[in-house]
Structure formats: structure tokens, C-alpha cells
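# Examination of the molecular architecture
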Amino acid sequence: MKNPFENALNQIRRAADVTDVKADVISILSHPMREVRVSIPLKRDDGSLEMIEGFRVQHNNWRGPFKGGIRYHQDVDIHEVKALATWMTFKTAIAGIPMGGGKGGVTFNPKEYSQAEIERVTRAWVRAMDGVIGPTVDVPAPDVNTRPQEMVWIADEFGNPAVTTGKPIEAGGSEGRGEATAQGGYYVLDELFEDLSLEPEMKTVAIQGFGNAGRTFARIATRHEWKVIAVSDSRGAVYNPEGLDVEALERHKDETRSVVGFEGAQEMTNEAILELECGLLAPAALENVITQENAPRIQAKVVLELANGPTTPEADDILFEKGIHVVPDVLANAGGVTVSYFEWEQNMKDEKWTAPDVDAKLKTAMADAARQTWDRAREYKTDLRRGAFALALERLSEAQPEL
Ligand code: GLU
């Protein structure tokens, strides 16, 4: 598997090639400011001890405190966390919020641990990050396999709700945060619908990944007359060309923990779902799923990256050649961190914003980011990823402190 940090560096260089950003800025942004690795001793429920590895990478804070989620997954390693932290720096700049980029991770599969064990791991990670995270320094949030519940434990262990975002509303969370990643993706799609040469009769979508982002996007898309024709999770994929009943599918997923076995759908492989003929393909799981190997077979008109890093740079070139627009992660999934910033602002000012208020601010931020990205891509005659990175590089350059 290709090292995702290499991909992130490659993406920065490719944007640097089409813009006139200073070489110093590129050099600095090619290195995370700080990488922290910790060992977490976990007492299992059966009394045995297990040592687990944890990370926090602080990529850049020129525009504001480091910001980004914490991921629990058995494949988490330093290269992945560095890549994810780097993408956060670009994402917050593109979203136009005064935050930087960071990311955390713990190398374990929470699905194999009890809630009490997950709580102990989470609290131990916070203690291990003493002096590293904090409301004005570095603010974690949910990511793959971390939920509002983990954010409650983080806030409680640290002793201040503003240290993290993505909390449940009753624990200081914001209206709209749970749906924000998918909702933001939808607003980007809506803003660029015609530019992307989508037509009303092409409103079919395949979604790879049925976690928070994927399933919420399925729900929102259905509300806007999109037909969700296929979805997958780590166990397999289901397909119905007539459109899946998303509400029933969500119930099935909650009951059985997978989309597999859903009635009224054909089973399909996780590879095949990426190659379906559809208007929109939304990768919403992990990195490196669209590669030079399968990119030639992709038939979607548009790829909307709800996941971080799903498309490799080589695949980007192939899709661009084929005329398939890729709406990059740093734009497409920036709604999550945008509402995280709103949550943080409400916590810092001791305010509570209404759901319509948060939604209106999210919509404006995403439409604006989408339009500016589109304009940069046109200006530099390039793809949307370079356009988005170019926009971020402009904004980051403006914020660069004197050396
Ligand atoms: N984990 C999400 C992301 O990759 C959200 C980060 C946040 O809200 O800080 O953008």
C-alpha cells in the first residue's frame, strides 16, 4: 500500500508547480511541525495488560490552533497520521476557518474491545497528550471509528469541553455537527452541479463506506432526489439499480452491523462498487482505494471524496484524462471541521447557535470554498485538487509568520 504521506507531499508539489507560491512555504509545509508518539498501557477487562500505540501529529498552526480528528483503527501508523494532519492544514485553509491542521490516532480495532476498554484507551490517550492538546493549542474531533462518546471522554478527562469538538449537544456540542461532513459535501456538489456537467437524469450515486459520512450522505442525497444505487462497508456491498431504500438500509446496518444481507438488493464486491456506472461515486471510508490499477475502469461522472485521501495522485491523472471530475477531500469533506470550528467558537464564547443558523453558515462557507476552488482550477487550467491546494497555499502564505 502506498504511503499516504508521500501522496500528500506529492499533492503539495503538484499545486506548487502551477502557482507562484514561495519555495520556503512549500518546504515548511512539507514537514509537520511536531509529531508525538505515545505508549498506552491498557488493562483489558480480563485483567491482562496490552500496550497500544498512539499518535498526535501537529502539521501547521499559522492560521490558528491545530485542528483535526482522532482515528481508531488497527492500521493506523505515523505515516497515515502525518498525511491526515497535512490534509487538515489545507482543509481548514480552504474552508476559510481560523484553524490549523493536526490529527491523532490509536492503533487498535475498537470493534474488538468493550466500551469500558475503549473509554480507558481514550482517557489514557488524553493523559499521554498532556501539554500537547488544549482549547487554544490543538483541538481533536471524531474521525474513523471515533464517535461523540469518545469526545465526551476526552473533554471530561481534560476538564474543558472546548478541548474537543464533535461532542453530543448536551455535552457542549453544536447543532448540525453530526451531519456536517456529508451536508458540506452536498453543498459543494450543489454549488458545482452545472460546472461538473452533471444533469438531472444522472442523479445516481454509489457510496463506498457506510460510517457517519457515508450513511448521512445517503440520507441527504435521497432527500434531494438522488437515487442511491449501491453502498458498501468493510464486509461487502449491496446494489440495486432502481435505488436502495436508505431508511431501511440504515435500520439493517444498525441491527446487523453491516449492509450485507439487505433484502431487495444484489450483493456485490467492494471493488466492483467503485467501477459502477453512475453519476456520482462517493468514497467515504479510507485512503488509497482509487489507484492507477482501477482508475481506468471508473465510470462515474464525478467523484466526491467524503473520505480523506481515497484517490492516489496517479489515479488523479488518469481520471482527469478521462474527463472525470474529482471533488477533492480537502473541499468535499471540509464541512465536518467547519462545524467543528463553529462548535469551538460557541464553547469559547459560551454561546448556543440554532440549527438553521449553523446550517446557513455552513452552506455559505462551503459554497464559497467550492466557488473559489473552481475558479483556481480554471485559472490554472488544472484539476480541482490542484485548484484547492493552490487556494490553500495562497491563504497559508498570507499567514506565514516572519522567520
Ligand atoms: N475528522 C474530520 C476530518 O477529517 C473532522 C475534523 C474536525 O472536525 O476537526 O475532517
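As a reminder, the structure under discussion sits directly above these lines.
So, here is what we can say about the structure in this document. Keep in mind it's a predicted model, so treat the numbers as computed, not measured. (Residues numbered from 1 in each chain as written. Predicted model: local features only at pLDDT ≥ 70, side-chain atom pairs only at ≥ 80, totals over all residues. Heavy atoms only, no water.)

On to the sheet that holds strand β13 (residues 325–327), then. The mixed open sheet is built from 7 strands, whose spatial order is β10-β9-β8-β7-β11-β12-β13. Since the sheet does not close on itself, it has two edges, and those belong to β10 (266–268) and β13, each with one partner. Each strand of the sheet is rotated relative to its neighbour by a mean of 20 degrees, with strand direction disregarded. In this sheet, strand β11 (residues 280–283) lies alongside strand β7 (residues 204–208) in parallel orientation, the contact comprising 4 bridges. Directly across from Ala 206, in β11, lies its bridge partner Leu 281. (Pairing = 2+ DSSP bridges. Helix = DSSP H or I, 4+ residues; strand = E, 2+ residues; numbered from the N terminus. Axes fitted to C-alpha atoms, helices over the stretch in contact; angles between N-to-C directions.)

Glancing now at helix α13 (residues 355–379). Given a rise of 1.5 Å per residue, 25 residues ought to cover 36 Å, and the 36 Å separating the end C-alpha atoms of α13 matches this to within 8%. Of the positions making up α13, those classed as buried are Val 358, Leu 362, Ala 365, Met 366, Ala 369, Ala 370, Thr 373, Trp 374, Arg 376 and Ala 377. Among the structural elements, α3 (78–95), α6 (180–192), β13, α11 (329–332), α12 (335–349) and α14 (384–399) are those in contact with the buried residues of α13. Looking one or two residues past α13, Lys 381 carries a phi angle of roughly 50 degrees, positive in sign. (Expected span 1.5 Å × (residues − 1). Buried < 20%, exposed > 50% of the residue type's maximum accessible area, 1.4 Å probe, protein only. Contact = heavy atoms within 4.5 Å.)

Let us now look at the site of the ligand. Lys 67, Lys 91, Pro 142, Asp 143 and Ser 340 are the nearest of the 14 residues found near the ligand. Lys 103 is positioned such that a nitrogen or oxygen atom in its side chain is 2.9 Å from an oxygen atom of the ligand. Here Arg 177 contributes a side-chain N or O atom positioned 3.0 Å from an oxygen atom of the ligand. Alone, the ligand offers 290 Å² of accessible surface; in the complex the protein occludes 95% of this. Secondary-structure elements contributing two or more residues to the shell around the ligand are α3 and α12. Split by residue class, the shell around the ligand holds 4 nonpolar, 5 polar and 5 charged. (Near = heavy atom within 4 Å. Polar contact = N/O pair within 3.5 Å; in protein donor to acceptor, adjacent residues only side chain to side chain. Areas by Shrake-Rupley, 256 points an atom, 1.4 Å probe, with all protein chains shown as cover. Nonpolar A, V, L, I, M, F, W, Y, C, P; charged D, E, K, R; others polar.)

We now examine the sheet that holds strand β1 (residues 34–43). Within a sheet, adjacent strands bond to each other through the backbone by hydrogen bonds, running parallel or antiparallel. If you walk across this open sheet you meet the 4 strands as β1-β2-β5-β4, and the pairing is mixed. Only two strands of the sheet have a single neighbouring strand rather than two, namely β1 and β4 (70–72). Recorded for the sheet is a direction-independent mean angle of 15 degrees between the axes of neighbouring strands. Contacting β1, β2 (49–60), β4 and β5 (101–106), helix α4 (residues 115–128) runs over the sheet at an angle of about 140 degrees to β1.

These figures come from the coordinates and say nothing about function on their own.
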